[in-house]
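Spelled out, the chains give:
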Amino acid sequence: MGQKSGKIVAVTGNEAVAEALRQVNPDVSAAYPITPATEIMQRFTAFVSNGKAKTEMILVESEHSAMSACIGASAAGGRVATSTSAQGLALMWEELFIASGTRLPIILALVNRAMSAPLNIHGDHSDGMGARDCGWIQLWSENAQEAYDNMIQSFRIAEHMDLRLPAMVCMDGFIISHSIERMEYLDDEAVKSFVGEFKTVNPLLDIEHPVSYGPLILTDYYMEYRRAHAEVMSKVKNVVLDVAKDFEKISGRQYGLFETYRLDDAEIGIVILNSAAGTTKDAVDAFREKGIKVGLLKPRLFRPFPYEEVGEALKHLKAICVLDRADAFGGSYGPLFMDIAATLFPYKEKPLMMNKIYGLGGRDYLPEHAENAIAELAEVAKTGQIKTFKEYIGVRE
Amino acid sequence: MSEMVEIRWHGRGGQGTVTAAKVFADACLSGGRYVQAFPEYGPERSGAPLRAYNRVSSRELRMHCPVLKPNIVAVADATLLDAINVADGTPDDAAFIVNTVKDPKEIREKIQARPTQKVFTVDATRIAIDCFGRPMPNSPLVGVLAKVSGLISLEQILEDVKKSFGKKFSQKIIDGNLEAARRGYEEVREG
């Protein structure tokens with residue numbers, strides 16, 4: 001093992017995810033088009049039509065039906081995948097809970113897009129954040145390479161015999177889905193053997209062994225059922241780490257529960273998801289050259305959130321700025337901030353924290369936004385004073 | 001080559017500007033370089049002004065944001081010079097490539113290029129009509145960009161045009177585009 005059999009290409013994030021799906025070759029897929037995710041299935045169905053994937057495509061009239069068909073196919077005993085964005089994910093909402101509660105390892109590529117209204121097709125995280133607590137695993141991706149790599153790993157994670165949970169792989173709409181970048185494809189055979197044969201668990205189509213799906217469970221056992229789901233979720237992180245270890249053997253690329261960048265000896269830190277993390281890493285380097293000890297943490301496994309590990313990685317900092325590409329309209333902080341705050345609350349001594357909301361509806365996140373946040377953090381660390389706990393940046397007030 | 005070259009394209013919807021940025025990125029992959037190509041997405045209307053970007057670097061490209069200080073500005077439609085400031089954010093050593101019948105000196109004056117900035121012109125629309133009968137300036141411009149940037153050879157760019165167009169078009173159209181890229185490379189004028 002340890003060989004790298006990759007092929008260097010310049011492709012969009014959508015193209016990369018479609019290629020991952022072709023290589024995994026699921027049994028069944030049902031999807032409904034929505035910008036910016038459409039291109040994934042446009043390319044994938046072309047693979048199917050040209051005989052390059054053997055997947056059975058199911059024609060549906062909405063995302064609700066798409067997820068319903070995926071649930072049926074998964075319960076029947078197939079390996080199943082789909083993709084969507086924003087309103088499409090929202091229309092799947094009730095089905096998302098049925099997929100996770102029924103413990104069906106469906107894979108969903110979520111191309112993050114702002115929720116309507118007002119109608120906007122561009123990238124922000126309000127769709128994925130809205131579905132963060134529906135019992136699915138969520139992996140978030142910085143660029144096309146990570147989206148592709150996460151997509152391949154997600155099948156192994158979701159289908160693990162200790163889990164059997166659905167998983168969504170998130171990447172930023174347009175910024176990643178429609179931008180061409182250099183990345184590396186793995187060899188078809190390497191992906192095939194990495195993902196392995198699909199193992200069924202109580203398939204509906206095994207008529208020799210009839211089973212019931214979708215039972216009514218009332219006050220007698222519903223709570224035990226939910227408690228059991230939480231127990232399963234607690235096992236996800238170890239599976240994610242084990243799968244990452246195996247993936248490194250075929251790709252040479254390392255993955256964890258989250259990525260840290262120059263964080264170990266840092267005094268101040270930025271926490272940020274997806275594509276904006278890349279832009280921020282360049283700003284971190286620029287400030288490091290000026291002698292400012294800044295680092296970065298980028299969550300990868302966002303659900304279930306690895307609270308203890310993230311808290312451990314951040315607790316030594318003097319000040320943290322969490323940047324959210326989604327707002328929470330409850331008069332509260334952005335969703336990522338709330339999770340990061342929760343990782344640190346058990347500690348007596350903890351970093352000062354502030355939250356910035358950026359990039360809603362695809363508003364550009366520029367190097368200056370990262371630089372301003374780092375400069376402000378350095379000042380906060382020096383004075384111990386925070387001016388504004390929550391602030392909107394890159395916005396006309 | 002400096003560590004990173006950033007390119008900003010100005011075109012109008014339907015001129016193949018985004019395709020040009022993609023073809024150029026693909027051609028620059030050789031030599032282990034990192035590339036990006038991405039348009040600015042808005043309402044996609046034929047004829048509406050649009051921007052597209054390239055980054056080419058010997059180091060991994062991590063930033064995901066528009067190009068604000070382009071080293072090279074490529075203008076696929078000279079009527080845009082009246083509508084927008086194509087020189088926005090350009091450094092002193094930037095180069096401009098403009099598709100026009102006009103002389104580079106005239107364009108230099110029009111865009112008020114600084115003396116240290118270079119200005120190139122090419123009649124890419126004429127070349128395209130001559131070579132494949134359609135006013136699509138992208139292939140000649142890709143040829144010009146290969147020359148002005150110095151990032152790739154004419155042979156590399158021709159190879160990539162062949163690969164990119166080969167998936168979609170007839171041999172006649174492919175040959176026309178190859179000829180157009182070659183003529184762009186040869187006919188560009190500096191002033």
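First things first, this report covers the structure right here in the doc. (Residues numbered from 1 in each chain as written. Chains lettered and ligands numbered in written order. Predicted model: local features only at pLDDT ≥ 70, side-chain atom pairs only at ≥ 80, totals over all residues. Heavy atoms only, no water.)

Before going further, it helps to examine the interface of chain B and chain A. Each partner contributes to the interface: chain B provides 19 residues, whereas chain A provides 25 residues. In total, chain B and chain A occlude about 1800 Å² of area from one another, counting both sides; carbon and sulfur atoms represent 56% of this. Contact with chain A buries area across many residues of chain B, yet Tyr41, Arg62 and His64 of chain B alone supply 42% of it, more than any other trio. Taken together, chain B and chain A are joined by 2 salt bridges. For Asp285 of chain A, the salt bridge is made with Arg62 of chain B, and the minimal N-O distance between the two is 2.7 Å. Summed over the shared surface of chain B and chain A, the number is 11 residue pairs in polar contact (both at pLDDT 80 or more). Of all the secondary-structure elements, those providing two or more residues to the side of chain B that touches chain A are helix H1 (17-28) and strand S2 (34-39) of chain B. No other element matches the 6 residues that S2 of chain B contributes to the side of chain B that touches chain A. By residue class, the composition of the side of chain B that touches chain A is 12 nonpolar, 3 polar and 4 charged. As judged from the 2 bridges shared by strand S8 (residues 180-185) of chain A and S2 of chain B, these two strands associate in the antiparallel manner. Bridging across to S2 of chain B, Ile180 of chain A finds its partner in Ala37 of chain B. (Contact = heavy atoms within 4.5 Å. Buried area = accessible area lost by both parts, 1.4 Å probe. Salt bridge = Lys/Arg side-chain N within 4 Å of Asp/Glu carboxyl O. Polar contact = N/O pair within 3.5 Å; in protein donor to acceptor, adjacent residues only side chain to side chain. Helix = DSSP H or I, 4+ residues; strand = E, 2+ residues; numbered from the N terminus. Nonpolar A, V, L, I, M, F, W, Y, C, P; charged D, E, K, R; others polar. Pairing = 2+ DSSP bridges.)

With respect to topology, 9 strands assemble into an open sheet ordered S1(A)-S8(A)-S2(B)-S3(B)-S1(B)-S4(B)-S5(B)-S6(B)-S7(B), the strand pairing being mixed. Looking at strand neighbours, the two that pair on one side only are strand S1 (7-12) of chain A together with strand S7 (189-190) of chain B, the edges of this open sheet. Pairing of strand S5 (residues 95-99) of chain B with strand S6 (residues 118-122) of chain B involves 5 bridges; the strand directions are parallel. Of the residues in S6 of chain B, the one forming a bridge with Ala95 of chain B is Lys118 of chain B.

What follows covers the layout of surface pockets. Each pocket or cavity is described by its volume, and for the second largest pocket that value is around 740 Å³. Asn143, Gln145, Glu146 and Arg253 of chain A together with Glu60 of chain B are, among the 30 residues lining the second largest pocket, the residues nearest its centre. When contributions to the lining of the second largest pocket are tallied by element, the ones reaching two or more residues are helix H7 (144-158), S8 and strand S9 (258-261) of chain A together with S2 of chain B. Its residues assigned to classes, the lining of the second largest pocket shows 9 nonpolar, 8 polar and 13 charged. Looking at the lining of the second largest pocket, you find at least three residues from each of domain 1 (7-251) and domain 2 (258-392) of chain A. (1 Å grid on protein atoms, 1.4 Å probe; cavity = no way out; pocket = protein on both sides within 12 Å on 5 of 7 lines; lining within 4 Å. Points joined across faces, edges and corners; volume = space filled by probe spheres on them. Domains from an automatic or database assignment.)

For the rest of this paragraph, the subject is a positive patch on the surface. A surface patch of like charges, here positive, comprises Lys7 of chain A together with Lys22, Lys167 and Lys168 of chain B. Along the chain, Lys7 of chain A falls in strand S1. We classify Lys7 of chain A as exposed; its relative accessible area is 53%. (Patch = residues over 30% accessible without salt bridge, like charges linked within 9 Å, V, L, I, M, F, W, Y side chains within 5 Å. Areas by Shrake-Rupley, 256 points an atom, 1.4 Å probe, with all protein chains shown as cover. Lys, Arg positive; Asp, Glu negative; His and termini not counted. Charge placed at Lys NZ, Arg CZ, Asp CG, Glu CD. Buried < 20%, exposed > 50% of the residue type's maximum accessible area, 1.4 Å probe, protein only.)

Right, let's talk about the sheet that holds strand S14 (residues 352-357) of chain A for a bit. Residues and elements named next belong to chain A. Reading across from one edge, S9-S11-S10-S13-S14-S15 is the order of the 6 strands in this open sheet, with mixed pairing throughout. The sheet terminates laterally at S9 and strand S15 (390-392), the two strands that pair on one side only. Each adjacent strand pair in this sheet contributes to an overall mean axis angle of 20 degrees, direction not counted. Direction of pairing for strand S10 (residues 268-271) relative to strand S13 (residues 319-324): parallel, over a ladder of 4 bridges. Following the sheet pairing, Gly269 is matched in S13 by Ile320. (Axes fitted to C-alpha atoms, helices over the stretch in contact; angles between N-to-C directions.)

With that settled, consider the pattern of salt bridges. Counted according to the given criterion, the structure contains 41 salt bridges over all chains. With a closest N to O distance of 2.6 Å, Arg253 of chain A and Asp149 of chain A form a salt bridge. Note that Arg253 of chain A is positioned in the loop between helix H10 (236-251) and S9 and Asp149 of chain A in helix H7, a separation of 104 residues in sequence. We classify Arg253 of chain A as buried; its relative accessible area is 16%. Its salt-bridge partner being Lys110 of chain B, residue Asp82 of chain B comes within 2.5 Å of it at the nearest N-O pair. Remark: Lys110 of chain B occurs in helix H2 (residues 104-111) and Asp82 of chain B occurs in the loop between strand S4 (72-75) and S5; sequence separation between them is 28 residues. With a relative accessible area of 42%, Lys110 of chain B lands in the partly exposed category. Among the charged side chains, a network of salt bridges with common partners joins Glu142, Glu146, Glu259, Lys281 and Lys298 of chain A.

Time to look at the pairing of strand S4 (residues 80-84) of chain A. All names here are of chain A. In terms of burial, S4 is a largely internal element, 5 of the 5 residues being buried. Taking every second residue as pointing to the same face, both faces of S4 are buried, with Val80, Thr82 and Thr84 on one and Ala81 and Ser83 on the other. Pairing geometry for strand S2 (residues 28-30) and S4, over 2 bridges, is parallel. Of the residues in S4, the one forming a bridge with Val28 is Val80. The pairing of S4 with strand S5 (residues 107-112) spans 4 bridges and is parallel. Paired with Ser83 across the bridge in S5 is Ala109.

Without other data, these values stay purely geometric and don't point to any function.
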